[in-house]
Amino acid sequence: MAQAQIQTKNAGLELEESLISTLPTREGWWRPLFLFQGHWLTPQTVKSTMLVQAQFQPRADDIILASYPKCGTTWLKALAFTIANRSRHTVASEDHPVLTKHPQDLVPFLELPHRYLHPITELEALPSPRLLSTHIPCALLPSGVSALGSRVVYLCREPKDVLVSMWHYVNKVRKDFYIDLDKAFEFFCEGVTFFGPFWDHCLGYWKQSLEEPERVLFLKYDELMANPTKHVKILAEFLGVPFTNEEESAGMVEEVVRLCSFENLKSLPANSTGVSDRIGGLPMENSAYFRSAKVGDWRNCLTEEMARRLDCIVEEKLKGSGLSF
């Protein structure tokens, strides 16, 4: 039986490789990208996404935290985990999982680590309701996610801050390579990153949130940062675990905000020390997920001309959608 499974797996990988070889390709940040179902992705991401589409079995009570890379994913994971599990893990407890584990490890990705290295069946063992995450564009998610009514929380961010955060992140984790800001800027403006154009990613989930507001919650990083208490309550309501009057009176909402604050998370040993390989073949420092978290940090890197150009591109791409930054 084991031998048969290995042969089936190998045959599947050969099929994926043959399909990828037929896709259009172009230069990427550090390796070629392939055009898969309308999105420029790394070959590793193409293979992993194909496996997610073919093998992931959604459940009606799944909650998926979706985001474009560098839009506050780690923060959203910490908040959602703490809110959803507060009946099992008292927020003020000294051994709360957020204090001892990296937020990236508390909520697993659909597509990571790369699913041709780590089978997606790992997710099947998780008890319901599952809290999962993804960077996959809305259009590439398995159809069952929508059909079964799995809920999605999408977090987006001001695009100039996304670009700058992504540039810093890539240069920190890719020890074998460096991309200068001008080149990263041009790629971003062309919609060439790792999960397709930023604006397409946001628009896909934005439109779903308008069509199915009870199933898709669309949040903005800047607004969450400006008023975390308000949005923590919104998030709890959407997750189906609203705060009671007693919890609010006891300061539970503020305690969640404090526990999951950037300053607190960044200072924890689980997040500030050690190295982990959460992707597959790319070990990185746990601290790489925590840089500044500041709104408007792009002003320290981008010129006024670069900012105006990117603003114009994003405005044109989002024109008529009702979405703006």
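Residues numbered from 1 in each chain as written. Predicted model: local features only at pLDDT ≥ 70, side-chain atom pairs only at ≥ 80, totals over all residues. Heavy atoms only, no water.

Between helix H11 (residues 228–238) and helix H13 (residues 252–259), the least distance of the axes is 9 Å, while the angle of their chain directions is 105 degrees. In terms of their interaxial angle, H11 and H13 are classed as roughly perpendicular. Between H11 and H13, the residues in contact are Pro-228, Thr-229, Val-232 and Lys-233 and Val-253, Glu-254, Val-256 and Val-257, respectively. Its residues assigned to classes, the contact of H11 with H13 comprises five nonpolar, one polar and two charged. (Axes fitted to C-alpha atoms, helices over the stretch in contact; angles between N-to-C directions. Helix = DSSP H or I, 4+ residues; strand = E, 2+ residues; numbered from the N terminus. Parallel < 35°, antiparallel > 145°, perpendicular 65-115°, else oblique. Contact = heavy atoms within 4.5 Å. Nonpolar A, V, L, I, M, F, W, Y, C, P; charged D, E, K, R; others polar.)

Right, let's talk about the confidence of the model for the protein chain for a bit. Mean pLDDT for the protein chain: 93, with 95% of residues reaching 70 or above. When the criterion is pLDDT under 50, residues 1–12 qualifies, and its contacts beyond four places in sequence or with other chains add up to one contact. (pLDDT = per-residue confidence, 0-100.)

Time to look at the sheet that holds strand S7 (residues 216–220). Strands pair in a sheet through their backbones, by hydrogen bonds, and they do so in one of two ways: parallel or antiparallel. The strand order across the open sheet formed by four strands is S5-S4-S6-S7, and the pairing between neighbours is parallel. Pairing within the sheet leaves two strands with one partner each, and these edge strands are strand S5 (131–134) and S7. The mean angle between the axes of side-by-side strands here comes to 20 degrees, regardless of whether they run parallel or antiparallel. Where strand S6 (residues 151–156) lies against S7, five bridges are found, and the strand directions are parallel. Directly across from Leu-155, in S7, lies its bridge partner Leu-219. Where helix H9 (residues 198–211) meets the sheet, it contacts strand S4 (63–67), S5, S6 and S7, and its direction lies at approximately 130 degrees from that of S7. Docked against the sheet, H11 engages S6 and S7, running at close to 165 degrees with respect to S7. (Pairing = 2+ DSSP bridges.)

Scanning the model with the defined rule gives 13 aromatic pairs in all. An angle of 25 degrees between the planes, with centres 6.5 Å apart, marks the rings of Trp-29 and Phe-187 as stacked. Highlighted residues: Trp-29 in the loop between strand S1 (25–26) and strand S2 (33–36) and Phe-187 in helix H8 (residues 181–189), separated in sequence by 158 residues. Relative accessible area serves as the criterion here: at 4%, Trp-29 is assigned to the buried category. (Phe/Tyr/Trp six-rings, centres within 6.5 Å; stacked < 30°, edge-to-face > 60°. Buried < 20%, exposed > 50% of the residue type's maximum accessible area, 1.4 Å probe, protein only.)

Within the largest apolar cluster, 60 residues are counted, with the highest numbers of intra-cluster contacts made by Trp-29 and Tyr-68. Non-local contacts of Trp-29, meaning those with residues more than four positions away in its chain, are made with Leu-163, Met-166, Trp-167, Val-170, Phe-177, Ile-179, Ala-184, Phe-187, Val-192, Thr-193 and Phe-194. Tyr-169, Val-232, Ala-236 and Phe-243 belong to the second largest nonpolar core, which has 45 residues in total. (Core = buried A, V, L, I, M, F, W, Y, C linked by side-chain atoms within 4.5 Å.)

A word on the UniProt feature "domain: Sulfotransferase" (unreviewed entry) in the protein chain. The UniProt record marks residues 61–322 with the feature "domain: Sulfotransferase" (unreviewed entry), using the residue numbering of this structure. End-to-end, the C-alpha atoms of residues 61–322 are 29 Å apart, and along that stretch the chain is 45% helix and 9% strand. (UniProt positions renumbered as here; feature names shortened; annotations may be inferred.)

Judged by which residues are buried, S5 turns out to be covered on both faces: Leu-131 and Ser-133 on one side and Leu-132 and Thr-134 on the other are all buried. Of the pairings in the sheet, the one linking S4 to S5 comprises four bridges and is parallel in character. Within the sheet, the bridge partner assigned to Ala-66 lies in S5 and is Thr-134.

Turning to unusual backbone geometry, a few remarks are in order. In this model, Leu-112 is joined to Pro-113 through a cis peptide bond whose omega is -5 degrees. Topologically, Pro-113 is positioned in the loop between helix H5 (103–106) and S5. Residue Pro-129 is bonded to the preceding Ser-128 through a cis peptide linkage, with omega at -5 degrees. Phi at Gln-37 takes a positive value of approximately 50 degrees, unusual for a residue other than glycine. By the element assignment, Gln-37 lies in the loop between S2 and strand S3 (39–41). Residue Gln-37 is classed as partly exposed on the basis of its relative accessible area, which comes to 45%. At Lys-70, a residue that is not glycine, the phi angle is positive and equals roughly 70 degrees. Structurally, Lys-70 can be placed in the loop between S4 and helix H3 (73–84).

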